[in-house]
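Survey of secondary and tertiary structure
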Amino acid sequence: MKFLIIEDDEYKKEKIVDCLKEKYFDFECKHVQSVSSALNELELLDEEIIVLLDMSLPTYDLNESNSGGRPQGFGGIEILRNMDYFELVNRVIVITQYETIMFDNRPLDANALKVELANEFPENFYDLVQFNVTTDAWKSELLDRLDKIQHDKCNNHR
């Protein structure tokens, strides 16, 4: 399997990679940490790549000389909109640690956000996984979703 992880939190990214290593011995993974880097990657995105997407991302990569620009609470939405605009067919699993997120100026819990994303991005959005630093339940959810994506791909190729 191939993955593009779009995540600015190094700890969370490492936990996601560790989770993938537990299940997949032969996987490829590319990581970017900002909206601008993710948009650059979309131009080269092979349709087999599964996108693991954080919702809150900085505009630019963080480094010693760059603060990352304006934080975008919904940088993930911008990425999904670009994927839709360019008619990319990649499956996206959103991995967020927020319990409530502002969407169109209203607070949404994870389940309500899932419905909104499924309605707005039916071609790309696959599911949402609630990341939690105090429990590993999210790992089972993520691996279950990835199994379903793989199963769906196998059934569609027949």
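Just so you know, these numbers come straight off a predicted model, no measurement behind them. (Residues numbered from 1 in each chain as written. Predicted model: local features only at pLDDT ≥ 70, side-chain atom pairs only at ≥ 80, totals over all residues. Heavy atoms only, no water.)

1. Description of the overall build of the chain
The helix and strand tally for the chain stands at 5 helices and 9 strands. Of the regular secondary structure in the chain, the N- to C-terminal order runs β-α-β-α-β-β-β-α-β-β-β-α-β-α. Taken over 158 residues, the chain has a buried fraction of 42%. When contacts within the chain are restricted to residue pairs at least 6 apart in sequence, long-range pairs at least 24 apart make up 68% of them. (Helix = DSSP H or I, 4+ residues; strand = E, 2+ residues; numbered from the N terminus. Buried < 20%, exposed > 50% of the residue type's maximum accessible area, 1.4 Å probe, protein only. Contact = heavy atoms within 4.5 Å.)

2. Examining the packing of aromatic side chains
Applying the stated rule across the entire model yields 4 aromatic pairs. On the numbers, 4.9 Å between centres and 85° between planes, the contact of Tyr-85 with Phe-86 is edge-to-face. Each member of the pair, Tyr-85 as well as Phe-86, is classed as exposed. Ring geometry for Phe-131 versus Trp-138: centroids 4.8 Å apart, planes at 50°, classification tilted. (Phe/Tyr/Trp six-rings, centres within 6.5 Å; stacked < 30°, edge-to-face > 60°.)

3. Things to note about the nonpolar core
Among the nonpolar cores identified, the biggest contains 28 residues, and Ile-6, Leu-53 and Leu-117 are the most heavily contacted of them. Of all the elements in the fold, those that place two or more residues in this core are β1 (2–6), α2 (35–42), β3 (50–53), α3 (75–85), β6 (92–96), β7 (100–103), α4 (110–120) and β9 (125–130). Top element by residues in this core is α3. It accounts for 4 residues. Not counting residues within four places of it along the chain, the set of residues in contact with Leu-53 comprises Ile-6, Gly-76, Ile-79, Leu-80, Val-92, Ile-93, Val-94 and Ile-95. (Core = buried A, V, L, I, M, F, W, Y, C linked by side-chain atoms within 4.5 Å.)

4. Structural notes on the pairing of β3
In β3, alternate side chains face the same way, and those of Ile-50 and Leu-52 on one face and Val-51 and Leu-53 on the other are all buried. Here β1 pairs with β3 via 4 bridges, running parallel. Residue pairing in the sheet places Ile-5 in a bridge with Leu-52 of β3. In the sheet, β3 pairs with β6 via 3 bridges, with the strands oriented parallel. Paired with Val-51 across the strands is Val-92, a residue of β6. (Pairing = 2+ DSSP bridges.)

5. A few points about the sheet that holds strand β2 (residues 28–32)
Here 5 strands make up an open sheet; going across it, the order is β2-β1-β3-β6-β9 and the pairing parallel. Looking at the sheet topology across the chains shown, the edges are occupied by β2 and β9. Direction aside, neighbouring strands of the sheet carry axes that sit 20° apart on average. Sheet strands in contact with α2 are β1 and β2, and its direction is about 135° off that of β2. (Axes fitted to C-alpha atoms, helices over the stretch in contact; angles between N-to-C directions.)

6. Side note on the side chain of Asn-124
With respect to the secondary-structure elements, Asn-124 resides in the loop between α4 and β9. When neighbours within four sequence positions are excluded, Asn-124 is seen to be in contact with Leu-80, Met-83, Asp-84, Leu-88, Val-89, Asn-90, Arg-91 and Val-92.

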